[in-house]
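An overview of the molecular structure
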Amino acid sequence: MPNLHASQSPVTNLQGRIVQINLSDGGVPKQSVPSVQINKEGLVGDRQQNLKHHGGPDRAVCLWSAEIIDMLQAEGHPIEPGAAGENITVAGLEWQQLIPGIQLQLGERVRLEITDYAQPCRTIARYFKLRRYGRISQKRNPGMSRLYAKVLENGLVSVGDSITCPNHAILHGES
């Protein structure tokens, strides 16, 4: 489990919800579906074109914040949920505080563990003003990146399902 730096504060909002679920047969944009089965390989019915950089057990699910998408739209970027290749668009979580090692409970059954930050690639450039897709790079703009997660518990998720962070207290040294 990661060690938090003194400058990092604990996750303050532990409750969110799924606002969109996105699948594609490879490539972007991914299309919205109302619900999906998630297993160790990811979302059933979803495919990635470039398996060197996407997919696999530690990158089975890609998540992103609806609030960040809204912020980017306000800056003039022509981005929509699913356009950056995320599978699950979420709302209500303190996105900048989600780090590798944090677990997320989606609905009643699905449990994920954040494994890494998703690096942006040129395939999503058309969804950014002046093709500046680096706007969502964790290195350049911390807290703006999509997140990769591995699947700890399989199950069905639906739009509107709640999201909680069950291991927040352990990661942040709370009891």
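Check the entry above for the structure.
Below you will find a few notes about this structure. (Residues numbered from 1 in each chain as written. Predicted model: local features only at pLDDT ≥ 70, side-chain atom pairs only at ≥ 80, totals over all residues. Heavy atoms only, no water.)

1. Here we look at the pairing of strand 5 (residues 61–65)
For strand 5, a buried count of five out of five residues is recorded, marking the element as mostly surrounded by other parts of the structure. A two-sided burial pattern is seen for strand 5, the buried positions comprising Val61, Leu63 and Ser65 on one face and Cys62 and Trp64 on the other. Strand direction decides the pairing type here: strand 5 and strand 9 (residues 146–153), joined by three bridges, are antiparallel. When the bridges of strand 9 are listed, Leu63 appears paired with Leu147. Two strands pair when backbone bridges link them, and strand 5 and strand 6 (residues 88–91) are joined in this way by three bridges, in the parallel orientation. (Buried < 20%, exposed > 50% of the residue type's maximum accessible area, 1.4 Å probe, protein only. Helix = DSSP H or I, 4+ residues; strand = E, 2+ residues; numbered from the N terminus. Pairing = 2+ DSSP bridges.)

2. A look at the pattern of salt bridges
Inspection of every chain in the model, using the stated rule, returns two salt bridges. For Glu75, the salt bridge goes to Arg135, with nearest N and O atoms at 2.7 Å. You can see Glu75 sitting in the loop between helix 1 (66–74) and strand 6 and its partner Arg135 sitting in the loop between strand 8 (110–118) and strand 9, a full 60 residues away along the chain. (Salt bridge = Lys/Arg side-chain N within 4 Å of Asp/Glu carboxyl O.)

3. Re the environment of Val44
With respect to the element layout, Val44 can be found in the loop between strand 4 (42–43) and strand 5. Distance in space between the C-alpha atoms of Val44 and Leu23 is 8.6 Å, their sequence separation being 21 residues. Setting aside chain neighbours within four positions, we find Val44 in contact with Leu23, Val36, Gln37 and Asn39. (Contact = heavy atoms within 4.5 Å.)

4. Looking at the pairing of strand 3 (residues 35–39)
Of the two faces of strand 3, the one holding Val36 and Ile38 is buried and the one holding Ser35, Gln37 and Asn39 is not buried anywhere. As paired strands, strand 3 and strand 10 (residues 155–158) are joined by four bridges and run antiparallel to one another. Bridge pairing in strand 10 links Gln37 to Leu156. Inspection of the sheet shows strand 3 paired to strand 4 by two bridges, in the antiparallel sense.

5. Side note on the nonpolar core
Grouped together as the largest cluster of nonpolar side chains are 40 residues, with contacts concentrated most on Ile88 and Leu104. Residue assignment for this core shows that the elements contributing at least two residues are strand 1 (15–23), strand 3, strand 5, helix 1, strand 6, strand 7 (103–106), strand 8 and strand 9. The element contributing the most residues to this core is strand 8, with four residues. If we ignore the near neighbours within four places in the chain, the residues touching Leu104 are Leu63, Leu93, Leu98, Val110, Arg111, Leu112, Ile114, Ile163, Thr164, Cys165 and Pro166. (Core = buried A, V, L, I, M, F, W, Y, C linked by side-chain atoms within 4.5 Å.)

6. Some details on the side chain of Gln105
Mapping Gln105 onto the fold places it in strand 7. A relative accessible area of 13% means that Gln105 is categorised as buried. A polar contact of 3.3 Å, which involves the side chain of Gln105, links it to the backbone oxygen of Val110. Setting aside residues no more than four positions away along its own chain, Gln105 makes contact with Val110, Arg111, Ser162, Ile163, Thr164 and Pro166. (Polar contact = N/O pair within 3.5 Å; in protein donor to acceptor, adjacent residues only side chain to side chain.)

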